[in-house]
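Structural characterization, general
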Amino acid sequence: MAPTAAAAPGEARAAIAARKLWYHTIEVAPGVLTPGWFDLRDIVGHLPWPGVAGMRCLDVGPYDGFLSFELERRGAAEVIAADIASPAGWDWPRALRDRGPSGLLAVAEADPGGGFEIAAQLLGSRVQRLAMSIYDLDPDAIGTFDLVVCGSLLLHLRDPMRGLAGIRRVCRGRLLSAETISPGLTLASPRRAVARFRSGDRCQWWIPNRAGHQAMIRAAGFEIERSVAPYAIPLGLGHPSHSSRALAGSELATLALTRRRGVPHSALLTRALS
């Protein structure tokens, strides 16, 4: 699935500047980066990737599409990126939802698909973005996939196990799950599956420890084939906290667990059980 020719640097800079919020840091032209909130470039090689050449792949909750484009770069035959069409469809807590659609959009600042479309065009990508919730994944509608990738999404779901059930319905091969974990709970309970509940704060709900992430994946019908040491995703230049030097307690725990600053994650390569 080779992409077509990428955009020139000048064209890319103009297109990037036209968008207010970028979630991912993506090199869309030589030396031209989107000012994303999160920068996965240094950690993408740390993930437990299988060989993806020739595979039909699904990226669930891609936002700006960093992992979708990585699947394409690695030689996937087809990549579908499934995401919510509008922030109004996210799992907002009641207090925020009562503000109405305009209030939700103000909190979200930008539609989740705009950055993806700009980046795909600049990269000359052939990844297809599909407006669909993880809860609605259906093999009758989109078929099945050799590999499903889901990154940093489960914490934003009110019902993460229902989301994983959606993935299981369309996964005929492997799932690469890379999710936010609680560093404090991971250090305190390295073997016992536990999670922290955030009541929907910042559209975040459940944050498990590393053992909890593994337990959730197993409960959804997957066998863990490979895992990697916990790691932290660095904040990108666009993140509001990027320039802050103060370390909160959770950041100190992240340093203790991963030896770097950022958002602590756990990544698993798993196989769908028959």
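In this report, we go over the structure that sits alongside the text. (Residues numbered from 1 in each chain as written. Predicted model: local features only at pLDDT ≥ 70, side-chain atom pairs only at ≥ 80, totals over all residues. Heavy atoms only, no water.)

**Describing the side chain of Thr25**
Positionally, Thr25 belongs in the loop between β1 (22–24) and β2 (27–29). Judged by its relative accessible area of 5%, Thr25 falls in the buried class. In this structure, Thr25 is in contact with Leu33, Thr34, Gly36, Phe38, Asp39, Arg41, Phe66 and Gly236, ignoring residues within four places of it in sequence. (Helix = DSSP H or I, 4+ residues; strand = E, 2+ residues; numbered from the N terminus. Buried < 20%, exposed > 50% of the residue type's maximum accessible area, 1.4 Å probe, protein only. Contact = heavy atoms within 4.5 Å.)

**Thoughts on unusual backbone geometry**
Although it is not a glycine, Ser152 sits at a positive phi angle of roughly 55°. Along the polypeptide, Ser152 turns up in the loop between β8 (145–151) and α7 (160–170). The phi angle at Arg259 is positive, at roughly 70°, despite the residue not being glycine. Structurally, the position occupied by Arg259 is in the loop between α10 (249–258) and β14 (263–272).

**Some points on α7**
Helical geometry note: an α-helix holds 3.6 residues per turn, so side chains three or four residues apart project in the same direction. Those residues of α7 that sit buried are Pro160, Gly163, Leu164, Gly166, Ile167 and Val170. Taken around the axis of α7, the buried residues stretch over an arc of 150°, which confines them to a single face. (Arc of directions from axis to C-beta.)

**Concerning the environment of Ala7**
Structurally, Ala7 can be placed in the segment before α1 (9–17). In the structure, Ala7 is positioned 21 residues away from Val28 in sequence and 7.6 Å away in space, judged by C-alpha atoms. In this view, Ala7 contacts Ala29 and Leu122; residues no more than four positions away in its chain are not counted.

**Focus: empty space enclosed by the protein**
Taken as a whole and assessed by the stated rule, the structure comprises 1 cavity of 30 Å³ or more. Roughly 30 Å³ of internal volume is contained in the largest cavity. Around the largest cavity, the lining residues are Leu154, Leu155, Glu179, Thr180, Trp206, Pro208 and Met216. Of the residues assigned to the lining of the largest cavity, the class counts are 5 nonpolar, 1 polar and 1 charged. (1 Å grid on protein atoms, 1.4 Å probe; cavity = no way out; pocket = protein on both sides within 12 Å on 5 of 7 lines; lining within 4 Å. Points joined across faces, edges and corners; volume = space filled by probe spheres on them. Nonpolar A, V, L, I, M, F, W, Y, C, P; charged D, E, K, R; others polar.)

**Points about the packing of aromatic side chains**
Applying the stated criterion across every chain yields a total of 7 aromatic pairs. Pairing Phe197 with Trp206 gives two aromatic rings, centres 4.7 Å apart and planes at 45°, and the pair type is tilted. One cation-aromatic arrangement involves Arg19 over Trp22; the distance from NZ or CZ to the ring centre is 5.9 Å. The positively charged end of Arg162 is found above the aromatic ring belonging to Tyr135, 4.1 Å away from the centroid. (Phe/Tyr/Trp six-rings, centres within 6.5 Å; stacked < 30°, edge-to-face > 60°. Lys NZ or Arg CZ within 6 Å of the ring centre and 35° of its normal.)

**Quick notes on the packing of α7 against helix α9 (residues 210–219)**
Think of two packed helices as two axes; the pair is described by the angle between the axes and how far apart they sit. The interhelical angle for the contact between α7 and α9, taken along N-to-C directions, is 50°, at an axis separation of 9 Å. Accordingly, the angle class assigned to the pair α7 and α9 is oblique. Crossing of α7 over α9 shows right-handed handedness. Contact residues: Pro160, Met161 and Leu164 in α7; Met216, Ile217 and Ala219 in α9. Taken together, the residues that form the contact of α7 with α9 break down as 6 nonpolar, no polar and no charged. (Axes fitted to C-alpha atoms, helices over the stretch in contact; angles between N-to-C directions. Parallel < 35°, antiparallel > 145°, perpendicular 65-115°, else oblique. Left-handed = near helix turned anticlockwise from the far one by under 90°.)

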